[in-house]
Every structure is written in structure tokens, then in C-alpha cells.
Amino acid sequence: MSEHHPVPDAIKHLPWPEQYQALARHTKAPVLKHFYEAGCPSPQTPVSEVPMVALDFETTGLDAEAHSIVSIGLVPFTLDAIQLDQAKHWVVRPRLPLHQTSVTFHGITHADIDEAPDLSEVLEDVFASLNGRIPVVHFRNIERRFLNVALQWRLGEGIRFPVIDTMAIEAHLHPDRHPSFLKSLMGKKSLSIRLADSRTRYGLPHYAAHNALIDAIATAELLQAQILHHFSPQTPVGDLWV
Amino acid sequence: MQAELIDIRNHLVQHSPFDDMPEELVNQLTTSIEISYVRAGTQILEAGQASAYMYYVRSGAVEIFRRSGELYNRIGEGEIFGQFGLLMHRKVRFPAKALEDSLLYRIPADTFHYLFENDENFADFVEIEDRSRLRSALSRREKSNELMTSRVTRLISRKTISAPTNVRLQEAARIMTDKGVSALLLMDGEGENARPAGIITDRDLRTRAVTEALPSETPVSEIMSEGLITIRASSYIFEAMLTMLHNNVHHLPVMDGHEVRGVVALADIVKYESQSSLYLVSNIYHQQNVKGLKKISRDVRDSFVRMVNEDANSHMIGSAMAGIGRSFTQRLLELGEEKLGPPPVPYCFMALGSMARDEQLVVTDQDNAMILDDRFVPEEHDAYFLALAKFVSDGLAECGYTYCTGDIMATNPKWRQPLKVWRNYFTDWIENPKAEALLNSNIFFDLDGIYGRTEFAEELKALVADKASNSQRFLTMMARNALNRTPPLGFFRTFVLEEDGKHQKTFNLKRRGTAPLSDLIRIHSLACGSLAQNSFERLKSISKTKLIIEDDLGNLRDALEFISIVRIRHQALSIEAGEEPDNNVRPEDLSPFERSHLKDAFQVVSNAQKFLRFRYNTQVTRNV
């Protein structure tokens, strides 16, 4: 796997809206051109006015270089509403064999995958929901990295975009989540910033199933709660994305 | 639906009304949901705002308020709110506020209406599950009419102009001219102890003093109206309007205890509500012949439609229409007397049925009778009364009140009789009741004297109230008749339809709704010895006796109001569409809101009939 068409550093250091414009000119693959052309809101835009899309991948493992995407769930949303009629879910065939451990976790079986398309076959549909929206994820190291690697494999080009990371927001809100040595001796546990545990702190319900779509919805709900609890609808989106 | 949304779907189907919903509908519903997180204390719905969603509480809790700010309900996980706004005018009826941080599923209006149309259970649930909603729907609607929310004191703009009862005619006229008032309140006693004893108006001065050429030195007490009709300061404007309509007076002293707060004139209300039915009433008295009356009778329907559009309640509309009908009758009697000369013996002209009950609408025939003084000698006097009865009856027919098909009119010699004969009629009906005979004379048990010696009618009312409550057999026969007409509700709460003249599948809101209700209310009221004639007033009398528990009375009141108002609206719509109004309604012409509330109201009628059957142990007879 190699980068056939590297992005110059000068572009990488541009603010996101200008970077999208530059990337739109620089990129070759039409699907990415369209993505960048759809644009990125200015960092000053109040988060309540920003169209977002909660994105979640199930993968065969945690290493983007060694593992593959098995399913994609997404739901477009705004601070005001998560629109289930636009919720999407795809199962895709991984490049590498499935490990039994990941099967038990996300419930996608070999049989499901044997019939599934390659990611390249659903890319257009996936991007139809991403274009013009700021992706929202829980733990940015999965979705952004896996998508970047997967596109380099298939298109010969990676992808760059800002994300709002609900886990990073939780981490920021709870800098002292790991108790001191003394306190941990007294039985105090670390505060978890995993998706399900974070949600509990906002009174959000527990979802029994684990799939990319329900996790995407769970992430969108978590962001609504975080913003209304700790920020405000007027918070500039640039303060939230990373 | 994406299979991955199963978690969301599974939560819905654990709760009513989604638990029995066909899978396909739940899937459609799930896909349409918009999820929204709200913090505790957030105002979710504001009164009057356009409603776009029904809400389902996925987690958290929400408080629902009345418009007055009073807490109405608390909604928790798996419960819904906001459906009322979608059912009624698409405006928020009940403000909602998050009590806790809550995750809400918003169900868009389109989906809501689709479910309402396609799932009977859902429709019933969002409408009927909580009966008190019928009541709140009704009271909400009434609140929007200013006549029903503003106090009569609001119309008092000037100091009361009064004079002692012994003031001379000329002096009274001078005071009225100087002060520019159309009525002068006459007081008995002085200072602190002064009490209003009567009132004289412009009209009194004209009709009584001037036409009869009374000397200007005559004390006003000689022409003053006796039995002063007043209204309490706490009354609403519409009550003042009803009082004027019912008693045909144009001035009402407003009393706060013994103290006079002011005088409200017809003109004040007419100004307040520029084209009120009161205006029409006053116009009736200005007409000099049948032709003139016929001409303004065309305004009756406009007046009716306007009241409907102004969200008046059925009591108000029924009373106003009865008041208008009464005024036509009274004016015709005045004109008849002018033409035929003064009556040879005193008499009372009596309204029967819906006019007597103050429950008249626009589709109505005339039901009336004459009670003559006992000195009546048929050979000498009857020609006069027949001519008068005929003049009135023909005049009413000209004005749109069709002849009674059952011939219950003063033109029928049987119903133009001296008081003693009327006493015998009623005594016989009550003491020797036969169901068949009562079926035809039912209408006489709603009676009201509207002209002449009204005390004759009062005497008959008292006789009925006294005898009926003691005659179990009479009440049983009446109950049997009252059970003949059943509400149009089949098994599983479906409407039972009949074919109307136009070969359409309809049900008759009068025959199957308001009539059976007023029938059964009449019986309970007679059993209580009540003198009331209006169904709502009768319910009040019944309430004092504890014959029926308060909850059931409330339901009866709501059911009567709701069926009446649907019937009224149906007629108003027909009039506006240029069609002849009737009582036959096709279910598909009703809004979903009306359909499901009607079923609820009919259920109340049906239960009340069961109670009546049980109480009077009557056999079921069905000869509709």
C-alpha cells in the first residue's frame, strides 16, 4: 500500500474550509472531488447550524493497516434532530480474513460477508450521505484512519476531513478521570469514556444491540447531550472538531 | 426499515399503542422518527405554536401543562404527548416542558395522520384512552370565545343613572334626555338602603306613555316593568346575552350583592360583537309586518354560522337560536293582536320542544300551543284565537319555521285549550300513562310560556314537576320510549349507518345522538321534580339530588355538548356550501378528531341508556 498521489504539506496546514477547496482541485477521484466540493462550514459557524453525520465502522481489529472495515453505519443529523429516515447501514467484504473474536463482538458472520460487496461498490452511496456534513464519531482513530487507508487501497488517494469526536469531548471534560494511586488503592475506579458509559452520564438509554448504525445513532445522541450540557447551540463548530 | 434499527423499534412495541400495531406500520413509524435530546427545564412545546410532531418519550420525563399554566400530566418513558395539537387545528394545545433530561422520538405529522387513518387502535388510543381529554378539548375551545371569557362588568362604562320610583313621567324623560341614556333605573328607598325596583326604557316611554297619552304627571311606577331582571357582576357577557334573549329585555342592571354596579344595554353587547344575534333580535321588533320579518329571517342562518365560527358553545348557540325564534313568535303575536284587536280573554302562547329547551338550531319546525284563560267560551272566543294562531303559524312558516308535521301547533283545536283542560291533559298523561300516547306527547314536557300570561305555563311546569316525580309508572313509560332510539354504535365501536334520502350512508346526529340524550336527561330531571327545561340546566338540577354520580353527569354534559357541536358544525358547513342543512352525517365528512370523540360520546349515551333501563327495569323495545 503506497500513497500514489500525496497531499502537499502546504495544503494540509490550511484551515478546513480552504483545505477542502484546495483538495477539491488537487484530488483525482471523482467521488472525493465531490466530497470536497460540497465544502466545509467556517469554524465560526454555530454548531446548531452545522449539518452533521454520525459515522461508525465495525472493523476486524483496531489497526487500520492490518484490519478491515466490515460494516458502516451512518445517520445524518443536526443539533435539533437525528433523522432516522436517512439512516444507512452497509456490510462490506473485508480484505483480510475475519477473526473469531471480532465475530462475537459485532455479530457479522462469514456468511454475511461472503455475500457482501466490496467497499468500492458502495462508496458512492456512502459519500452521498457524507457530502456537505461534518462527520461525528466516538474515537476518531477508527473511522478517519480506516476510511483513509481503505480509500488509498481502492482509489490510490486518501481522505482528509475534520471530525467531532464525542470521546475526545468526554476526555476533555474529565481530565482527572484516572484516580491517583492512593485513590485507586481505596477502590476508586477510572471514569470510563467509552460510548455506553458516557451515555449513562447524560441519562441516555442503553442499547442492547451492537451494530454500526445503532452506534452511530448513539454517538449522535451523545453529541446532542454533550453540547446541551457543556456547550451551547452557539458554540463555534471550530471549537469542537479536531 | 434498516434491520439495525431494531433496538428503537423494540422499545416502541413494548408500549401502547404500538404493541398491537401491525409490523409494517411500526417499521414505517420507526423509520420516520427524528430523535432529539432535551435538557431538563427546556420548553418543548409552546401554546399556540404550530404543531408538527407527536412525541414519544424514549427516556426521561416531561410535564404537560394547561394553557393556564396549571400542571396537567406527567409523561414518562414509553408514553406519548403532543398528539392533541395534531388532531386539532395543528396548533399546540398543551405546552410541554422537560422535567428531566430526556431523549424524545418525534413522530412527524404526516406519519401521525397516516397511522391515525390506518390503525384503529392507534386512533382510539391517542383520542379516547383518557376520557378527560374530551372535556379539556371542549373547555379549550370555549375559552377562545371572548363572550365566554369576559365578564359583564367590562361593558359598564358609566355611572348608573337612577331616580326614585315616584318620579313623574316628564321628569324621567328629562333625566334620560339630559344624561343621554336609553334606560332609567328606578330605586325604592334612599341612600344605603336604596334597592332597584324597576326600570323604564325609551321603548316603555314610547309604547306605554305616549301611545296611551298618559298625563306627564303620572308616576313612572305605573308604567315600569315589574319583576326586574338583573344579572350578577360575576357573570360572563354571554350570560347577559342569554338573559336578554330569553327574557326579551334590552337592559340589565348588574348587581354586586344589593349594590347596582351599572346597567348593561343590548347596544353595549352589540357594539362588543358587531353582528351578534342580539342585533338580529332587536331588528325583529322593528319590523312592521310579516313581509319585513320574512326579509330579515334570511339573516338567521348567517347569525348561526357566525356564532359557530366564533367558537360559541352549543348552549349559547341553542339559546340564541331559540331566542331568535321566540322573538319572531312574539313579534308575530304583537302584529296579530294589532290586526285582530285585543284578545277577548287572556292567554299564554307556549313554545314546546327545542325552543322551550333553548336548544333550537336552524333546521327546525314550529311546535307551539295556546293556554287560554278558564273563562274561555269556545263559541264566543275561539274564532279569535284560531285566527291569531293561524296568523302566527303562517308567519312563522314564512320566516322558515316549517309547519309541524305532527300538527302540534296552536292552530290545532286540541292544543288551543283553557288552562283547566291543559291541567287535565298533563294529569292524565302522568297518572294514566300509556307508552304510545306518551310517545306523541313527549314534546309537551319541554314547555315554556313565551307571550301573554306566561304564569299559565309556569303553573303547568309546576304541576308536571310535582306529579311526575311521584309517578313511577309514568317515568317507566317515558323511559321505555327514551330507549327506542339508540346511538349509532355497533360492536367494536364501529358506526352503524343508515341510508338517507340521497342514498348515502349516514347516521343521524339528532335522532341517534342529541334526541336520545335530551330524552333521558328529561326523565331524570322529571324524577327529581326539577322545573328546568334546558338539558344543561336539567343536568345541574339532577346533580343537586345525587341521583346520578357526578362523573357520569360530567360525561353526559360533555357528550351532549360534543354531539351538539358536531351537529351544529355540520349544519354550518352545509349553509356555507350553499346546501340545505340537515342532521345526516357521513363518517368520512368528519375529521378524525370528531370521529373518534363522537364514538366516545355515543358510548356515553349508550351507557346512560343502560342505566336508565336498569333503573326503570324496562324491557328493550326496538321500533325505530
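Before reading further, recall that the structure is shown in the block above.
(A) Seen up close, the pairing of strand S2 (residues 69-77) of chain A. Residues and elements named next belong to chain A. Of all nine residues in S2, nine are buried, a share of seventy percent or more. Summarising the sheet, strand S1 (residues 52-59) and S2 pair through eight bridges and their orientation is antiparallel. The residue bridging Ala54 from the neighbouring strand is Val75, located in S2.

(B) Broad picture of helix H20 (residues 472-482) of chain B. A large share of H20 of chain B lies buried, amounting to eight of its eleven residues. Every buried residue of H20 of chain B is listed here: Phe474, Leu475, Thr476, Met477, Met478, Ala479, Asn481 and Ala482 of chain B.

(C) Local environment of the sheet that holds strand S4 (residues 62-65) of chain B. All names here are of chain B. Pairing within the open sheet is antiparallel, and its four strands lie in the order S2-S7-S4-S5. Two strands in the sheet have a free side with no partner beyond their single neighbour: strand S2 (43-45) and strand S5 (71-75). The sheet shows a mean angle of 30 degrees between the axes of neighbouring strands, direction not considered. Pairing between S2 and strand S7 (residues 96-98): two bridges, direction antiparallel. If you follow Gln43 over to S7, its bridge partner there is Lys97.

(D) Inspection of the interface of chain B and chain A at higher detail. In this complex, chain B contributes 20 residues to the contact, which on the side of chain A involves 26 residues. Of the roughly 2,000 Å² buried at the junction of chain B and chain A (both faces included), carbon and sulfur atoms supply 56%. Connecting chain B to chain A are one salt bridge. For the interface between chain B and chain A, the tally reads 13 residue pairs in polar contact (both at pLDDT 80 or more). The greatest single-element share of the side of chain B that touches chain A, amounting to five residues, is contributed by strand S1 (residues 34-38) of chain B. The class makeup of the residues in the side of chain B that touches chain A is eight nonpolar, five polar and seven charged. Where strand S3 (residues 82-83) of chain A lies against S1 of chain B, two bridges are found, and the strand directions are antiparallel. The residue bridging Gln83 of chain A from the neighbouring strand is Glu34 of chain B, located in S1 of chain B.

(E) Representation of helix H3 (residues 30-37) of chain A within the structure. Residues and elements named next belong to chain A. Residues of H3 that are buried include every one of Val31, Leu32, Phe35 and Tyr36, and no others. The buried residues of H3 occupy an angular sector of 130 degrees when projected down its axis, which confines them to one face. In H3, those exposed residues whose orientation departs by more than 90 degrees from the buried face are Pro30 and Glu37. On its buried side, H3 packs onto helix H2 (16-26), helix H6 (119-130) and helix H7 (140-155). Just beyond H3, the residue with positive phi is Gly39, at close to 90 degrees.

(F) Up close: the sheet that holds strand S14 (residues 259-265) of chain B. Residues and elements named next belong to chain B. The sheet built from three strands is open, its strands ordered S12-S13-S14 with mixed pairing. Only two strands of the sheet have a single neighbouring strand rather than two, namely strand S12 (231-232) and S14. Bridge count between strand S13 (residues 251-256) and S14: six bridges; the pairing is antiparallel. Bridge pairing in S14 places Leu252 opposite Val264.

(G) Looking closely at the environment of Ser198 of chain A. All names here are of chain A. Tracing the backbone shows Ser198 in helix H10 (residues 195-201). For Ser198 and Thr219, which are 21 residues apart along the polypeptide, the C-alpha to C-alpha distance reads 9.9 Å. Apart from the residues lying within four places of it in its own chain, the contact partners of Ser198 are His138, Glu170, Ser192, Ile193 and Leu222.

(H) View of the packing of helix H22 (residues 535-545) of chain B against helix H23 (residues 550-576) of chain B. Residues and elements named next belong to chain B. Contact geometry of H22 with H23 gives a least axis separation of 10 Å together with a crossing angle of 180 degrees. Of the possible angle classes, the one that applies to H22 and H23 is roughly antiparallel. Across the interface between the two elements, Ser535, Phe536, Leu539, Ile542 and Ser543 from H22 touch Glu550, Leu553, Leu556, Arg557, Leu560 and Glu561 from H23. Tallied by class, the residues present in the contact of H22 with H23 amount to six nonpolar, two polar and three charged.

(I) Main features of the pairing of strand S18 (residues 447-452) of chain B. Residues and elements named next belong to chain B. For S18, the tally of buried residues reaches five of six residues, placing the bulk of the element in the interior. Both strand S15 (residues 347-352) and S18 contribute to a ladder of five bridges, which runs antiparallel. By the bridge assignment, Met350 is partnered in S18 with Gly449.

Definitions and limits used
Residues numbered from 1 in each chain as written. Chains lettered and ligands numbered in written order. Predicted model: local features only at pLDDT ≥ 70, side-chain atom pairs only at ≥ 80, totals over all residues. Heavy atoms only, no water. Buried < 20%, exposed > 50% of the residue type's maximum accessible area, 1.4 Å probe, protein only. Helix = DSSP H or I, 4+ residues; strand = E, 2+ residues; numbered from the N terminus. Pairing = 2+ DSSP bridges. Axes fitted to C-alpha atoms, helices over the stretch in contact; angles between N-to-C directions. Contact = heavy atoms within 4.5 Å. Buried area = accessible area lost by both parts, 1.4 Å probe. Salt bridge = Lys/Arg side-chain N within 4 Å of Asp/Glu carboxyl O. Polar contact = N/O pair within 3.5 Å; in protein donor to acceptor, adjacent residues only side chain to side chain. Nonpolar A, V, L, I, M, F, W, Y, C, P; charged D, E, K, R; others polar. Arc of directions from axis to C-beta. Parallel < 35°, antiparallel > 145°, perpendicular 65-115°, else oblique.

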